[in-house]
Each structure stands twice: as structure tokens, then as C-alpha cells.
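Chain and residue survey
The chain contents come next:
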Amino acid sequence: MVAGLLAPASAEISKRTIRVSNGVAEDHPNGEGVRAMAQCFDEKTGGEWTLNAFWSSALGDDLQATQALRSGTQEMVVTSSSPIVGIVPALGVFDLPFLFANEKEADAVLDGEFGQYISDMMPAANLVNLAYWENGFRNLTNSARPVTKLEDFSGMRVRVMQNNVFLDTFQTLGTNATPMAFGEVFSALETGAIDGQENPYVTIDTSKFYEVQKYLSNTRHAYTPFMVLFSKTIWDQYSEEEQQILVDCAVAGRDVQREASRKLSEESLARVEEAGLEVNDIDTAEMEKIHEAVQGVYERHAEEIGPEVIEKMQATLAEIRGE
Ligand code: KDG
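Computed from a predicted model, the values in this text were never measured in an experiment. Numbering of residues starts from 1 in every chain and runs along the sequence as written. With the structure being a predicted model, the display of local features is reserved for residues of pLDDT at least 70 and the display and counting of side-chain atom pairs for 80 or more, all residues being used for whole-chain, interface and lining totals. Working from all heavy atoms in the structure, the side-chain values ignore hydrogens and water.

**So, the sheet that holds strand β10 (residues 223–231)**
- By this definition, two strands are paired if DSSP reports at least two bridges between them. Only DSSP runs of H or I covering at least 4 residues are called helices, and only runs of E covering at least 2 are called strands; the numbering of each starts at the N terminus. Taking strand neighbours across the sheet as the criterion, the five strands line up as β2-β1-β3-β10-β4 in an open arrangement whose pairing is mixed. Edge positions in the sheet fall to β2 (49–54) and β4 (127–137), since each has one partner strand and no second. Going from strand to strand, the sheet's axes swing by 20° on average, the running direction of each strand aside.
- Here strand β1 (residues 16–22) runs beside β2; their pairing, made up of six bridges, is parallel. Each bridged residue has a counterpart across the sheet, and for R19 the counterpart in β2 is N52. To define axes, lines are fitted to C-alpha atoms, for helices over the stretch in contact only, and angles between the resulting N-to-C directions are given on a 0 to 180 degree scale.

**Regarding the nonpolar core**
- By nonpolar core we mean a set of buried residues, namely Ala, Val, Leu, Ile, Met, Phe, Trp, Tyr and Cys, connected to one another through side-chain atoms within 4.5 Å. Buried means the residue's accessible area, taken with a 1.4 Å probe over protein chains only, is under 20% of the maximum for its type, while exposed means over 50%, and partly exposed covers the values in between. L91, V93, F94, F100, F170 and M313 are the most contacted members of the largest nonpolar core, which has 54 residues in total.
- The residues touching M313, leaving out its near neighbours within four places in the chain, are V93, F94, L99, F100, V109 and F114.
- Ranked by size, the runner-up nonpolar core spans 42 residues in total, among them C40, M180, I204 and V212. Residues are treated as being in contact if the distance between any of their heavy atoms lies within 4.5 Å.

**Description of the environment of N102**
- Along the chain, the position of N102 falls in the loop between β3 (76–80) and α3 (103–110).
- Using a relative accessible area of 29% as the deciding quantity, one classes N102 as partly exposed.
- Counting along the chain gives 121 residues from N102 to Y223, while the straight-line C-alpha distance between them is 8.4 Å.
- Once you skip the residues sitting within four places of it in the chain, N102 turns out to touch F137 and R220.
- Separated by 2.8 Å, the side chain of N102 and the backbone nitrogen of E105 make a polar contact. Two N or O atoms count as a polar contact when they lie within 3.5 Å, although within protein this holds only if one can serve as hydrogen donor and the other as acceptor, and sequence-adjacent residues are included solely when both atoms are side-chain atoms.

**Examining unusual backbone geometry**
- Of note, the phi angle at N126 is positive, near 65°, even though the residue is not glycine.
- With respect to the helices and strands, the residue N126 is situated in the loop between α4 (113–119) and β4.
- Here the phi dihedral of K208 falls at roughly 60°; this positive angle occurs in a residue that is not glycine.
- Note that K208 resides in the loop between α7 (201–206) and β9 (215–217).

**What to know about the pairing of strand β8 (residues 196–199)**
- Across the two faces of β8 the burial is the same, with G196 and E198 and Q197 and N199 all buried.
- In terms of strand pairing, strand β5 (residues 139–142) meets β8 through four bridges, oriented antiparallel. Looking across to β8, one finds that N139 is bridged to N199.

**What to know about the state of the cysteines**
- Pairs of cysteine sulfur atoms within 2.5 Å are identified as disulfides in what follows. As enumerated under the stated definition, the model contains one disulfide in all.
- What pairs with C40 in a disulfide is C249, and their sulfur atoms sit 2.1 Å apart. Judged by the sign of its S-S torsion, about -70°, the cystine formed by C40 and C249 is left-handed. A residue pair is termed long-range when its members are at least 10 positions apart, and C40 in helix α1 (residues 29–45) and C249 in helix α9 (residues 240–274) qualify at 209 residues.

**Considering the packing of aromatic side chains**
- Here a pair means two rings of Phe, Tyr or Trp (six-membered ring of Trp) with centres within 6.5 Å. Their orientation is stacked below 30 degrees between planes, edge-to-face above 60, and tilted elsewhere. Tallied over the entire structure, the rule returns ten aromatic pairs.
- Measuring from centroid to centroid gives 5.8 Å for F182 and F209, while their planes differ by 65°, and the two rings are edge-to-face. Residue F182 is found in the loop between β7 (176–179) and α6 (185–191), and its partner F209 is found in the loop between α7 and β9; the two are separated by 27 residues along the sequence. With respect to class, F182 is no different from F209; both count as buried.
- Pairing F230 with Y238 gives two aromatic rings, centres 5.5 Å apart and planes at 75°, and the pair type is edge-to-face.
- According to the relative accessible area criterion, F230 is buried, its value standing at 0%.
- Linked through ring pairs, F41, W49, F230 and Y238 together constitute an aromatic cluster.
- Of note, R16 hangs over the ring of Y238, and the distance from its end group to the ring centre comes to 4.0 Å.
- A ring is scored as having a charge over it whenever the NZ atom of a lysine or the CZ atom of an arginine sits within 6 Å of its centre and within 35 degrees of its normal. For the cation-ring pair, K312 lies above Y117, with the distance from its terminal atom to the ring centre recorded as 5.0 Å.

The values are spatial; any link to function lies outside them.
This is the structure in C-alpha cells:
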């Protein structure tokens, strides 16, 4: 993942305290990933390292935390790629609607050459991507009406991440899309300032959005990854052995986090339905119309993402699909 970045060999492991911030709550699968990473640090450093985790945007939202890494005042963040496209525009490729068909494809892209290609762009922004974790497939919740066809989006006030591709996608679907930081979503739903939001089941569950929403429509309109980012300013102060421990333990955390995300996903869906959320699927013919409606988003954002980035992603997916 970071072959070109490793410092000169050293057997030195220093005493370190690493702060990692998350926008999601601790009972999100990120909690299991962070605990697995901490245990890995403990084993590999003989207890020399301490991992202090912060939850529910306690150290700021994704973009604020990522900027703290860039200024060297915080070590680590687990952030969605979407809110930080202003720092690395190519990350917008992951926001394109209906890009991935399933988790298998997402893992193959993120853990393969394409994921490395994107990770190699991060040091220029003073960031190191240690691993990709799973945010997941995103579905729409709202309190106005079930969405069973394209027309049902019309006029709905939907919060989207602060990201031009998501904004365009949901405006194209006919909603009154409102960019907003993750930490503000619950209260905006509670006060009725917005009708809805879109996130994976585990986030809808663990951030308790179901308490202030009525409907969940299975749109699966995008898959967003998490990035486990580290400050390059601080990375450069670590020995090669310590840098390798960061990578190995973020990958160990990845495998635990993804497994927890996929296991909890179905449990979260059952829990939010039990709590009263009315859940609906969208029939194939209507989904085709929704897919068709947002295809123009790819072309409109090619310039900002990078045409070569989109072409590389599409070639990678074609290879994975055996096309
Ligand atoms: O840190 C939490 C956010 O990165 C994540 O939940 C992003 O999906 C996201 C959203 O809706 O903001």
C-alpha cells in the first residue's frame, strides 16, 4: 500500500499515543475495526503504543479531522472519501452513482491496483492512506413518503454529504439536495429542517436516524469506502518498522471491520424495521429509470475527477466482471 513511502530501516519502536477520530458512533462496525487495530498495535509494539479513539465527530467532522492530519496536529482519522474530495478530487470517482454492483467488486477495486493508484495520490496532500474500510451501500431514508419510483424523489429535502457528485446526483433525481456535515444530520432530521438522508443500514441504525425517520427505500445508489488516513508529517517521524506496523494493523482492522459491517448490516436492517421504519424495495423497471436518470453525472464530473481516473475505474471493473 505504501511501498514508496517507507523510511530507512530501523529496529526502533518508540512510545507513541495515536489519536483516531470517527464521525460515526462507537457501536458502528468501525468500533470493532479500531479495537482490532489497537490489539494489533499492542502485540506488535509490546504495549509501547496507545490508540485513543474518538467517536461521533468529537474531534470535528471528516474534513476538519483530515485537515488536522494535514497540519500535523492529529495522527489518524477514519473518514469517508466523499467529504474530502476538495483535497484529492480523484476520490470523487467513488461517489459516482451505481458504480459498484456488490461488496466483492468494491473489495477487488479498493484492495487492488486501483486502490493503490488512488492511495499514491494522498502523500501530495500530506496524507497516507493505510487501508480502505467499509462505509457501505447507501440507501435513502425520509419522513415524507416511500420512494418506489423516480418521481417520488421530486421536491424531497435530502441531506447529502458535502460533495458535488452526490449533490448533482440528488438534484438530478429531483430532490432539493442539501450538503451538510455528518454530525449535523440527526438534529436536522429531528427538527424537520430536512426530510431525509442517505446512508448504509449500519449508520442509519448506530446513529439512530431511524428514530427521526419514517421510510427506508432500498436505493443502493452508491458504495462509499472509508479511508484510514494518517498524517504524513507524523508518519515521516516514524521508523520503517513503525510505519509497517501502522499499515499491517490498519489492514488487520480492515478485515475485522468489513466482516462486522456485513454481519451487522442485516441485523441493522431488521432492527430499524422493528423500530418502526417502513422499508421498501424498488422494482427493476423503476430502478432502471433511476439509473438512466443519473448517468449524465459521470460526464458532468469527469473533468473534476479526472477522465483518466474514471477510465481506469471502468477498465478495472470490466476486467473484474470478465467483460
Ligand atoms: O465519519 C463518518 C462519516 O465519514 C460517514 O458517516 C460519512 O457516510 C457519511 C456521511 O453520510 O457523512
